[in-house]
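# Examining the three-dimensional arrangement
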Amino acid sequence: MSGVDATVLQGQLQRWAAAHYHEGTSITDVRAMPGHAGLSFGFTVSDGGGTLDRLVMRMPPKGVRRSGNTDVLRQVPLLQALATAGVRVAPLRWWDADEQWFDVPYFMVGLLPGCTFAVREPDPSFAAASTSVTDVFIQAVDALASVHLVDWRVDLSEWQPPIDLETEVRFWDPLLAKAADPEWIALGERTRDLLLAAVPQDPTIGVFHGDFQTNNLLFDQGHLVAVLDWEISGIGAQLLDLGWLVMMNDPHSWSDGAGLAGVPDPATLVGRYAEVSGRSVDVDSIAWYRALSGYRFGVISCFNVMLHRTGKRTDPEWDRIAPSVPFLFGRAAELLGG
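Note that this is a predicted model, so its numbers are computed, not measured.

### Quick word on the overall build of the chain
Per the secondary structure count, the chain includes 13 helices and 10 strands. Looking at the chain as a whole, 47% of its 338 residues are labelled buried. Here the analysis covers contacts within the chain between residues at least 6 apart in sequence; of these, 68% occur between residues at least 24 apart. A total accessible area of about 15300 Å² is found for the chain, and carbon and sulfur atoms account for 51% of it. Of the charged side chains in the chain, 25 are positive and 41 negative; the average position of the first set lies 3 Å away from that of the second.

### Brief notes about the side chain of Gln 12
Mapped onto the elements, Gln 12 comes out in helix α1 (residues 6–20). The class of Gln 12 is buried, set by a relative accessible area of 6%. Within the structure, Gln 12 has its side chain in polar contact with the side chain of Asp 103 (distance 3.3 Å). Residues in contact with Gln 12, not counting those within four places in the same chain, are Lys 62, Trp 101, Phe 102 and Asp 103.

### Brief notes about the environment of Asn 304
Position of Asn 304 among the secondary structure elements: in helix α11 (residues 287–309). Of the residues examined, Asn 304 reaches a relative accessible area of 12% and is grouped as buried. Along the chain, Asn 304 and Ala 180 lie 124 residues apart, while their C-alpha atoms are 8.6 Å from each other. Not counting chain neighbours up to four residues away, the residues in contact with Asn 304 comprise Arg 313 and Trp 318.

### Re helix α2 (residues 75–84)
Inspection of α2 places Gln 75, Val 76, Leu 78, Leu 79, Ala 81 and Leu 82 among the buried residues, and these make up the whole buried set. The inward-facing, buried residues of α2 contact β4 (92–96), β5 (106–110), α4 (133–148), α5 (152–155) and β7 (205–208). The positive-phi residue at the C-terminal boundary of α2 is Gly 86, with phi of around 90°.

### What to know about unusual backbone geometry
Positive phi, close to 60°, is recorded for Asp 29, a residue that is not glycine. Following the sequence through the fold, Asp 29 ends up in strand β1 (residues 26–32). The phi torsion at Gln 221 lies on the positive side, around 50°, for a residue other than glycine. Structurally, Gln 221 is set in the loop between β8 (217–220) and β9 (223–227).

### Focus: the pairing of β9
Pairing of β8 with β9, which is carried by four bridges, proceeds in the antiparallel orientation. Paired with Phe 219 across the strands is Leu 224, a residue of β9. What sits between β8 and β9 in their antiparallel hairpin is a turn of two residues, with Gln 221 showing a positive phi close to 50°.

### Here's the deal with the packing of aromatic side chains
Counted according to the given criterion, the structure contains 14 aromatic pairs. Aromatic side chains Phe 102 and Tyr 106 sit 5.1 Å apart centroid to centroid with 80° between the ring planes, which places their arrangement in the edge-to-face category. The exposure classification of Phe 102 matches that of Tyr 106, with both residues buried. One aromatic cluster is present, formed by Trp 16, Tyr 21, Phe 43, Trp 94, Phe 102 and Tyr 106 through successive ring pairs.

### Section: the sheet that holds β8
Reading across the sheet, the three strands line up as β6-β8-β9 and stay open at both edges, with antiparallel pairing between neighbours. Two strands bound the open sheet, and with one partner strand each, they are β6 (115–116) and β9. Across the sheet, α4 is in contact with β8 and β9; its angle to β9 comes to roughly 40°.

### Overview of the sheet that holds strand β2 (residues 39–47)
In a beta sheet, neighbouring strands pair by backbone hydrogen bonds and run either parallel or antiparallel. In spatial order, the strands read β1-β2-β3-β5-β4; together these five strands make up an open sheet with antiparallel pairing. Looking at which strands have only one partner, the edges of the open sheet turn out to be β1 and β4. Each strand axis lies, on average, 25° off the axis of its neighbour in the sheet, ignoring direction. When β2 meets strand β3 (residues 50–59), the two strands line up antiparallel, connected through nine bridges. Across the sheet, residue Phe 43 finds its bridge partner in β3, namely Leu 55. Strands in contact with α1 are β1, β2, β3, β4 and β5; relative to β1, the strand with the most contacts, it is inclined by about 135°. This element, α2, spans β4 and β5 of the sheet and lies at about 160° to β4.

### Digging into the packing of helix α8 (residues 182–196) against helix α13 (residues 325–335)
Relative orientation of the contacting elements α8 and α13 amounts to 20°, with a least axis distance of 9 Å. The angle between the axes of α8 and α13 places the two elements in the roughly parallel class. In this structure, α8 crosses over α13, and the sense of that crossing is left-handed. Contacts from Trp 184, Leu 187, Gly 188, Arg 190, Thr 191 and Leu 194 in α8 reach Val 325, Pro 326, Phe 329, Ala 332 and Ala 333 in α13. The residue makeup of the contact of α8 with α13, split by class, is eight nonpolar, two polar and one charged.

Each value, and the rule that gives it
- Residues numbered from 1 in each chain as written.
- Predicted model: local features only at pLDDT ≥ 70, side-chain atom pairs only at ≥ 80, totals over all residues.
- Heavy atoms only, no water.
- Helix = DSSP H or I, 4+ residues; strand = E, 2+ residues; numbered from the N terminus.
- Buried < 20%, exposed > 50% of the residue type's maximum accessible area, 1.4 Å probe, protein only.
- Contact = heavy atoms within 4.5 Å.
- Areas by Shrake-Rupley, 256 points an atom, 1.4 Å probe, with all protein chains shown as cover.
- Lys, Arg positive; Asp, Glu negative; His and termini not counted.
- Charge placed at Lys NZ, Arg CZ, Asp CG, Glu CD.
- Polar contact = N/O pair within 3.5 Å; in protein donor to acceptor, adjacent residues only side chain to side chain.
- Pairing = 2+ DSSP bridges.
- Phe/Tyr/Trp six-rings, centres within 6.5 Å; stacked < 30°, edge-to-face > 60°.
- Axes fitted to C-alpha atoms, helices over the stretch in contact; angles between N-to-C directions.
- Parallel < 35°, antiparallel > 145°, perpendicular 65-115°, else oblique.
- Left-handed = near helix turned anticlockwise from the far one by under 90°.
- Nonpolar A, V, L, I, M, F, W, Y, C, P; charged D, E, K, R; others polar.

These figures come from the coordinates and say nothing about function on their own.
Structure representation (structure tokens):
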């Protein structure tokens, strides 16, 4: 249960449900939700008449400073604005800064049916629904365009100030310095310097997801029902999301590119985005953002491999990702002409 005492959480949820629904409710099926982005738990609220609600709760770890991705309540106004604009997100049910219930702030969304799309090992439900890889990615790009067309100046004017691209690149310096392998630091610094030497001017600014990939998209019977996991979203250069989607499915960015051959090529994805968003974008114009994406995930991997190998936050998945760090930095440098 991601370091959370299951018995304690069960009791806390029971008390919370009695106060927010009614006495006599019961909490069942408490489970950690998949993914690596924070603490997320699914559960069912019932009473003698049957199921009242199925929810997913997101909360930060205890004892950490609440900012950025550990400030879970910053997602509340974003999810509200996205839902109002027609973006497919999980329905927001409850949220509270009062720590009497779980010792930390929290928010809850309704549990939706379906599963995310793992490109290398898709769930059998996609084949059963005759949903091809291309179908999945077209729906993904359409959803991304809907996010990017949200009028943030009206709906999220007080949410956070825009992040400029140089600040975004520099943000990762402290994490890169803690990489598990000194050679990774040198590779990352070279890629960072190439990025800083070619920062795009006047990018389109708006809501960005920050981790836009098919593992964060929920599908039911082959149809996209929600964009998930908004922890590292913000206001900034939106083409980062498109670059991230391409990077995550670029065989040259990974030590083992097997299983990615069926993904639509970058020109197809970018062309679809341009068509749906009404923006002038081509493959050349997102090369820098693909490089930034590779650099970001390379640094994220460096840091998490260090946490895993030192026992500070054990997650064997990072041992699988570790061999790709030089590929992520190398591919990013290549896209920048380095």
